[in-house]
Amino acid sequence: MDEWLGIFNVKLRHMREDIQSIETRNNKLEVQSVNNKALIAELDKLVERFRFPSEYASCLTGSQFDEASVPQYVEACEWLTNALHGLEVPNLDSTFANIRAVREKRAELGILKATFVRKASEFLRICFATLVDFMINDKNYFSQRGQLKKPDHADLRYKCRTYARLLQHLKILDGNCLGPLRKAYCSSLNSLLRLEAHEFANELRASTKVSKTPNTWLETFTSGNQSANNADTSAVSDAYAKMLTIFVPLLVDESSFFAHFMCFDVPGLAPPKDESGSYDADDADDDDDDDDDEDADEDDDDDNDDTNNVDQGSRPVHDKDSKAGKNSPDLLALNEALQDLLDGIQEDFYVLVDWAYKIDPLRCISLHGVTERYLSGQKSDAARFVRVLLGDLESKISMQFSRFVDEACHQIERSERNARQTGVLPYIPRFATLATRMEQYIQGQSRDLVDLAYTKFVSIMFVTLERLSQVEPKYAEIFLLENYAAFQNSLYDLANVVPTLAKFYHQASEAYEQACQRHLSMIIYFQFERLFQFAKKIEDLMFTISPEEIPFQLGLSKMDLRKTLKFSLTGVDKSIAAMYKKLQKNLTCEELLPSLWDKCKKEFLDKYDSFAQLCAKIYPTETIPSVTEMRDLLASM
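Residues numbered from 1 in each chain as written. Predicted model: local features only at pLDDT ≥ 70, side-chain atom pairs only at ≥ 80, totals over all residues. Heavy atoms only, no water.

Looking at an unreviewed UniProt entry, the chain carries the name Exocyst complex component Sec3 C-terminal domain-containing protein, with the source organism given as Gossypium mustelinum. Annotation of the chain in UniProt includes, under Sequence similarities (unreviewed entry), the sentence "Belongs to the SEC3 family." (UniProt positions renumbered as here; feature names shortened; annotations may be inferred.)

Structure representation (structure tokens):
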């Protein structure tokens, strides 16, 4: 039994080992089967990614592009983009990423992508040039003789938007291909914009009928020239404002559309969404361009239209978007592209400024104000070149106005050679006329420009006036007081409302008072020199000796006082009458005589009062005519 049991135990052990071995092998086969099924499923997916749909094959491999098939090209681009992304980690398991079939398929799709991008780019370059050439060759798109034409780019933008999604996919496939496309678009559209601006500016100048004003405000001119200076030249400012009203919004819209259309990643440029949730970079333009067949004059009936149109086409930029946009790597590329897009159009604006300057230099004031108003309205990043353009225009206008100011200053200096030292200089009242005209042209921020001109004008006027007064010192004071008085009289009304002129008014007032003081003192001393010289000697001695000792000094005795009084005050009425005649003799402005005579009498009484007080203190026993008697005498004359 023990032997049989041992044999059965051995057999049972072998059976258990065989069963365990069979179970292990079966488990391995089951795992292998599961793995094979999973591998086959993954390979089926990979093979599916390798599949090239026939509907996209003709689009991606075709030799020609058809505008009507652009939607199919877009779908093919979407498939190609997804196919390429599907063969990249992490969309593809890293285990499969380096197998030969995947590498070969990826290379095949890369070749397909490069070929398609090259053909699509060539097609779009030709398309952009064709669209613009069609507009350039059609004269109805431009201003013509007798008709101002507002540029209408609605159709152009509508056709361009047909290719917007294709451009977005091209950027995804190969971002480098957008550089040449952007240059091609900028080059074509730049030609159109420059031609539109040129024709519009030419027709503006041709249709604006206004007489030229001579640039001789501060020179001697005839009455005919004076009436020419008073001619109404507001049409010049209106023409310039119309140019800005039409083209500033157009340039801003073109810049914004270009940034969106050419897929620049500047967050601040994102346009508002419409109700359907889609983007439309040209919503504002469609409404504005509906009336393109109407004359542009109807679009600008009054100056208020200028203000209403300042922000047309500008897109609001939120703070976060603005910061992100400024840090965007595409912003520099956008600025360079906008330079290519709009460069050269500024020349026709410059020509318009030069034309306005030649007709009426003072119109630079209103042109500066209009430009500043438009400049302050451009905030978006897409309007950067427009801001640069307006800034350059503002600088050119300021430079032209400075030329006028410098020439007027030279006119004042030239007048010094032929001026006579008598009466009011001609440029004094003419400056008041010029200032009145300048005030009428001020708009917005042009106040600083005008105030700077006032400062240069008045400074050179006063310097020239002081120089001329030294030609003949004998008549210097009366020459100065007459001219300073004329300056105050002519600018009285303006000085009440213009702070800069008020400052010069007070400066002239002080100079007038000083000239009066010197002139009247000279007249008084001429008639009563001995009397007041006697008083001057007394005043000088009072600093060194006591009042009681003065009557005992040589030349200051009581006898000397009586002789001085007799010499100076005998026939004092005749002396005062002679003083009046001397005041009147060289005075050319008769209206100043009453006030000057009053000042002269007051000055004489003040001096005589001081003399009487000195005599009462030094010579208490001596009797001299009282101040009251002298005042009554002066009042009776």
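Next, the rest of the story.
K.L.:
I would appreciate a short explanation of the overall build of the chain in the present structure.
P.N.:
Looking only at helices and strands, one finds 25 helices and zero strands in the chain. When burial is assessed residue by residue, the chain has 47% of its 637 residues classed as buried. Here the contacts in the chain between residues at least 6 apart in sequence split such that 79% fall between residues at least 24 apart. On the chain, roughly 33,000 Å² of surface is accessible, and the fraction owed to carbon and sulfur atoms is 51%. (Helix = DSSP H or I, 4+ residues; strand = E, 2+ residues; numbered from the N terminus. Buried < 20%, exposed > 50% of the residue type's maximum accessible area, 1.4 Å probe, protein only. Contact = heavy atoms within 4.5 Å. Areas by Shrake-Rupley, 256 points an atom, 1.4 Å probe, with all protein chains shown as cover.)

K.L.:
For this particular structure, what's the right way to read the environment of D493?
P.N.:
Along the chain, the position of D493 falls in helix α20 (residues 476-495). Among the residues examined, D493 registers a relative accessible area of 61% and is labelled exposed.

K.L.:
Help me understand the confidence of the model for the chain in this model?
P.N.:
In the predicted model, the chain carries a mean pLDDT of 81, and 85% of its residues have values of at least 70. Scored below 50 in pLDDT, residues 220-228 makes eight contacts in the model with residues more than four places away or belonging to other chains. Below pLDDT 50 for its whole length, residues 272-325 participates in 81 contacts with residues either more than four positions away or in separate chains. (pLDDT = per-residue confidence, 0-100.)

K.L.:
Got a minute to help me understand unusual backbone geometry in this structure?
P.N.:
What you tend to see is this: most non-glycine residues have negative phi, and most peptide bonds are trans. Positioned with a positive phi, C263 is a non-glycine residue whose angle comes to about 60 degrees. Residue classification places C263 among the buried positions, given a relative accessible area of 11%.

K.L.:
Is there a simple way to think about the packing of aromatic side chains in this case?
P.N.:
Pairs of aromatic rings are described using the distance from one ring centre to the other and the angle between the two planes. Evaluation of the coordinates by the stated rule reveals 26 aromatic pairs. Judged by centre distance (5.9 Å) and plane angle (80 degrees), the ring pair of F123 and Y163 falls under edge-to-face. Here Y163 lies in the loop between α6 (154-161) and α7 (164-173) and F123 lies in helix α5 (residues 100-137), a separation of 40 residues in the sequence. An identical accessibility class is assigned to F123 and Y163; each is buried. Relative to F261, the ring of F257 has its centre 5.4 Å away and its plane inclined at 15 degrees; by these criteria the two rings are stacked. Taken together, the positions of F257 and F261, both in helix α10 (residues 234-261) and four residues apart, correspond to about one turn of that helix. The class of F257 is buried, set by a relative accessible area of 2%. Taking the relative accessible area as the measure of exposure, F261 reaches 4% and is therefore buried. Here the aromatic cluster, defined as three or more aromatic residues joined through ring pairs, consists of F401, F404, F431, Y454, F457, F462, Y484 and F487. (Phe/Tyr/Trp six-rings, centres within 6.5 Å; stacked < 30°, edge-to-face > 60°.)

K.L.:
What is the right way to look at the side chain of S366 in this model?
P.N.:
Tracing the sequence through the fold places S366 in helix α16 (residues 363-376). Since its relative accessible area comes to 0%, S366 is described here as buried. For S366, the side chain forms a polar contact with the side chain of S237, separated by 2.6 Å. (Polar contact = N/O pair within 3.5 Å; in protein donor to acceptor, adjacent residues only side chain to side chain.)

K.L.:
Explanation requested: helix α23 (residues 572-585) in the structure shown.
P.N.:
An α-helix turns once per 3.6 residues; consequently, residues spaced three or four apart project the same way. Relative to the 20 Å expected for 14 residues at 1.5 Å per residue, α23 spans 20 Å between its end C-alpha atoms, a close match to the ideal helical length. Buried within α23 are the following residues: V572, S575, I576, M579 and L583. Within α23, the buried residues cover an arc of 100 degrees as seen down the axis, which keeps them to one side. Residues of α23 that are exposed and point more than 90 degrees away from the buried face comprise K574, K581 and K585. Here the buried face of α23 lies against α21 (499-541), α22 (558-569), α24 (593-618) and α25 (627-635). (Expected span 1.5 Å × (residues − 1). Arc of directions from axis to C-beta.)

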